[in-house]
Amino acid sequence: GVSASFRWFRAWRPGLTIPSMSPGRPGLLLALLLAPFAGAPPDAGSGGFKAALEALLGARDAELPPVLNKLLQEPPLRAAALRALAGYERAETPGLILGLYASLDVAEKRDAVNTLVSRKPYARILIQAVREKKVARTDLTAAAIRQLRDLGDPEFDKWINEEWGSARSSPE
């Protein structure tokens with residue numbers, strides 16, 4: 001049950017702490033979601049584990065970002081953590097993402113960029129990273145550019161126009 005999941009989780013990644021054990025908090029929820037998978041680590045490719053993790057991430061608990069930050073170091077869980085971080089505005093997030101950006105695969109880079117264009121403060125840091133060539137200009141998809149425009153910041157619009165030229169929105 002739950003205690004077996006906590007033991008398994010701590011044995012699997014002893015340095016990855018669970019911030020809270022109180023009901024309704026990510027620690028308990030994580031244990032409950034992981035209980036059925038206590039015999040197999042996530043890198044075994046368990047689709048059920050990933051579904052359980054996605055359910056946890058959907059909870060948008062205020063105590064979850066420190067856990068997500070640590071999950072960025074876990075390749076089987078990284079993509080889900082990258083996507084979930086878009087739901088939180090935390091000053092350390094862009095730096096953590098950009099710190100591992102060069103080591104990400106193509107899909108993870110797409111998730112990273114999508115997270116970085118989700119909020120104005122993140123987008124400012126992403127634009128600077130593109131200017132400094134830490135992120136390839138070609139890693140920004142048309143959808144990411146649209147999201148930057150949708151943030152409604154004249155500075156972003158100016159940068160987009162300089163890099164890609166002006167474009168008008170078409171009615172949908």
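Residues numbered from 1 in each chain as written. Predicted model: local features only at pLDDT ≥ 70, side-chain atom pairs only at ≥ 80, totals over all residues. Heavy atoms only, no water.

### With respect to the overall build of the protein chain
So, point 1. Each helix and strand in the protein chain was counted, giving 10 helices and 0 strands.
So, point 2. The order of helices and strands in the protein chain, counted from the N terminus, is α-α-α-α-α-α-α-α-α-α.
So, point 3. Taking the contacts inside the protein chain whose residues are at least 6 apart along the sequence as the reference set, 59% of them involve residues at least 24 apart.
So, point 4. Summing over all exposed atoms, the protein chain offers an accessible surface of approximately 9,000 Å²; the carbon and sulfur share of this is 54%. (Helix = DSSP H or I, 4+ residues; strand = E, 2+ residues; numbered from the N terminus. Contact = heavy atoms within 4.5 Å. Areas by Shrake-Rupley, 256 points an atom, 1.4 Å probe, with all protein chains shown as cover.)

### Thoughts on the environment of Arg131
So, point 1. Of note, Arg131 is situated in helix 8 (residues 120-131).
So, point 2. Distance from Arg131 to Trp159, taken between C-alpha atoms, is 9.9 Å for residues 28 residues apart in sequence.

### Focus on the confidence of the model for the protein chain
Note: predicted coordinates in regions of low pLDDT should not be interpreted at a detailed level.
So, point 1. With 62% of its residues at a pLDDT of 70 or more, the protein chain shows a mean pLDDT of 78.
So, point 2. Note that pLDDT drops below 50 for residues 1-6; the model gives that stretch 13 contacts with residues more than four away or on any other chain.
So, point 3. pLDDT under 50 marks residues 37-45. Its contacts with residues more than four places away, or in other chains, come to 16 contacts. (pLDDT = per-residue confidence, 0-100.)

### With respect to the nonpolar core
So, point 1. In this structure, Leu68, Val113, Leu126, Val135, Leu140, Leu148 and Trp159 are the most contacted members of the largest nonpolar core, which totals 34 residues.
So, point 2. Here the element with the most residues in this core is helix 8; it accounts for 6 residues.
So, point 3. Each residue touching Val135, except ones within four places of it in the same chain, is listed here: Leu98, Tyr101, Leu126, Ala129, Val130 and Leu140. (Core = buried A, V, L, I, M, F, W, Y, C linked by side-chain atoms within 4.5 Å. Buried < 20%, exposed > 50% of the residue type's maximum accessible area, 1.4 Å probe, protein only.)

### Notes on the side chain of Glu108
So, point 1. If you trace the backbone, Glu108 turns up in helix 7 (residues 106-116).
So, point 2. When its relative accessible area of 8% is taken as the criterion, Glu108 is described as buried.
So, point 3. Glu108 has contacts with Pro75, Arg78, Ala79 and Leu82, leaving out every residue within four places of it along the chain.

### Brief notes about unusual backbone geometry
So, point 1. Even without being a glycine, Lys133 presents a positive backbone phi close to 65°.
So, point 2. Relative to the helices and strands, Lys133 is located in the loop between helix 8 and helix 9 (142-150).

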